[in-house]
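Each chain is listed here by its residues.
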Amino acid sequence: MTTADDHWPETLKRVVAAMEFELTDEKIGADTTKPSFLMRTVANADFSALPALVATAIHAGMEIDRRIAAPGRSYDAQARNVRQALVEAMNKETAGARSPFVTGYATAYRIELARVIWAAISDAPARRLQELARIRLV
């Protein structure tokens, strides 16, 4: 038997697949010999042509990522640890070359991100996504 919300976990996997992770220009720490940079989440494609709820879910996912990354706050410790491993791997890779380690860490973080998004919206998916996206877009 299926319910009206059975499609959401699969939809969220597709949403996080539309996200890409890149290092920012903002440095972490004072070491200038091998500086470390912060990471941000961006959409890897123009998603304006997608259905409105999917575009809303992408914005909501970016808001959840921002909450996970927020300093001094443990929104979801497991997701934060996976995200931090991705950031560290990205900071260690050679410029211009994507290593298999970064690809693996990015995949692991996408899985965690989908899990955390679902946990945040599972009681009322459409309404919760709109609330999260509204925070990001304001």
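Residues numbered from 1 in each chain as written. Predicted model: local features only at pLDDT ≥ 70, side-chain atom pairs only at ≥ 80, totals over all residues. Heavy atoms only, no water.

A. Local environment of the environment of arginine 98. By the secondary structure assignment, arginine 98 is in the loop between α3 (77-92) and α4 (100-121). In this structure arginine 98 comes out as partly exposed when scored by relative accessible area, which is 44%. Ignoring any residue separated from it by four or fewer positions in sequence, one finds arginine 98 in contact with Glu20, Phe21, Met90, Glu93 and Thr103. (Helix = DSSP H or I, 4+ residues; strand = E, 2+ residues; numbered from the N terminus. Buried < 20%, exposed > 50% of the residue type's maximum accessible area, 1.4 Å probe, protein only. Contact = heavy atoms within 4.5 Å.)

B. Structural view of the nonpolar core. Counting residues in each nonpolar core, the largest one holds 32 residues, and the members touching the most others are Leu86, Tyr109, Leu113 and Ile117. Of all the secondary structure elements, the ones that give two or more residues to this core are α1 (8-17), β1 (19-28), α2 (52-69), α3, α4 and α5 (125-137). Per element, the largest residue contribution to this core is eight residues, and it comes from α4. Once you skip the residues sitting within four places of it in the chain, leucine 113 turns out to touch Val16, Met19, Gly61, Ile64, Asp65 and Ile68. (Core = buried A, V, L, I, M, F, W, Y, C linked by side-chain atoms within 4.5 Å.)

C. Expanded view of the environment of glutamate 131. For glutamate 131, the position within the fold is in helix α5. A residue is classified by how much of its surface remains accessible, and glutamate 131, at 28% relative accessible area, is partly exposed. Considered as a pair, glutamate 131 and isoleucine 121 are ten residues apart in the sequence and their alpha carbons are 9.6 Å apart.

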